[in-house]
Amino acid sequence: MEKKLIHLEVNGTRHAVHCDSRKLLSDALREDCRLTGTHVGCEHGVCGACTVQIDGQLARACLTFAVQAQETCITTIEGMAAGARLSALQQAFHECHALQCGFCTPGIVMTFDAYLRENPQPCAVEVREVLSGNLCRCTGYQNIVRAVLLAAERLRGEAANV
Ligand code: FES
Ligand code: FES
């Protein structure tokens, strides 16, 4: 299949990508943009490992063709920290031991980064409901829920930041 030149704007950086029209965004991010924080698990929209934000909205990168993401602003896990300073969610995941192997973590952080912008004061039930779209095979979900609630408190200014 003939390759085309497309441009993807990821975390504020423009990447030139030569790819065929059926190349998945998840593969383009990892192979062409060298941003391997977006993980690929099921490759059919179920596990949530590949979750990114496109123009601030959640998207499964394994269900999106790279060509569809032209003229958008893509945010991946690499865009979450400000230099060495972790985002509130990343810091809370670290403190609450909300990950083990970390395979699922980028997708979960991207999911709740978007969710907390719209829902700054979720309860644990709501967090669990949102979390049901992301599968974790090793941590169990209790600490992830704790981490999201802690990050939400901090983002509202109700808990001490480190
Ligand atoms: Fe995309 Fe599982 S790899 S949802
Ligand atoms: Fe290993 Fe979630 S921390 S899959």
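So, here's what we can say about the structure. (Residues numbered from 1 in each chain as written. Chains lettered and ligands numbered in written order. Predicted model: local features only at pLDDT ≥ 70, side-chain atom pairs only at ≥ 80, totals over all residues. Heavy atoms only, no water.)

### Things to note about the overall build of the protein
Of regular secondary structure, the protein possesses five helices and five strands. In the protein, the order of α-helices and β-strands from amino to carboxyl end is β-β-α-β-β-β-α-α-α-α. Judged by the C-alpha coordinates and their principal axes, the protein covers about 50 × 30 × 25 Å. Across the 162 residues in the protein, those meeting the buried criterion constitute 45%. Put simply, 54% of the contacts in the protein that link residues at least 6 apart link residues at least 24 apart. Within the protein, the 17 negative side-chain charges are centred at a point lying 4 Å from the centre of the 15 positive side-chain charges. (Helix = DSSP H or I, 4+ residues; strand = E, 2+ residues; numbered from the N terminus. Buried < 20%, exposed > 50% of the residue type's maximum accessible area, 1.4 Å probe, protein only. Contact = heavy atoms within 4.5 Å. Lys, Arg positive; Asp, Glu negative; His and termini not counted. Charge placed at Lys NZ, Arg CZ, Asp CG, Glu CD.)

### Quick notes on the pattern of salt bridges
All chains considered together, the criterion is met by five salt bridges. Among the ionic pairs, Lys23 bridges to Glu31, the shortest N-O distance being 2.9 Å. In this structure Lys23 comes out as buried when scored by relative accessible area, which is 16%. Salt-bridge contacts for Glu158 lead to Arg156; the nearest nitrogen and oxygen are separated by 2.9 Å. With relative accessibility at 28%, the residue Arg156 sits in the partly exposed group. Connected through shared salt-bridge partners, Lys23, Glu31 and Asp32 make up one network. (Salt bridge = Lys/Arg side-chain N within 4 Å of Asp/Glu carboxyl O.)

### As for the pairing of strand S1 (residues 4-10)
Where S1 meets strand S2 (residues 13-19), seven bridges bridge the pair, whose relative direction is antiparallel. Counterpart to Leu8 in the pairing with S2 is His15. Pairing geometry for S1 and strand S5 (residues 73-75), over two bridges, is parallel. Bridging across to S5, Val10 finds its partner in Ile74. (Pairing = 2+ DSSP bridges.)

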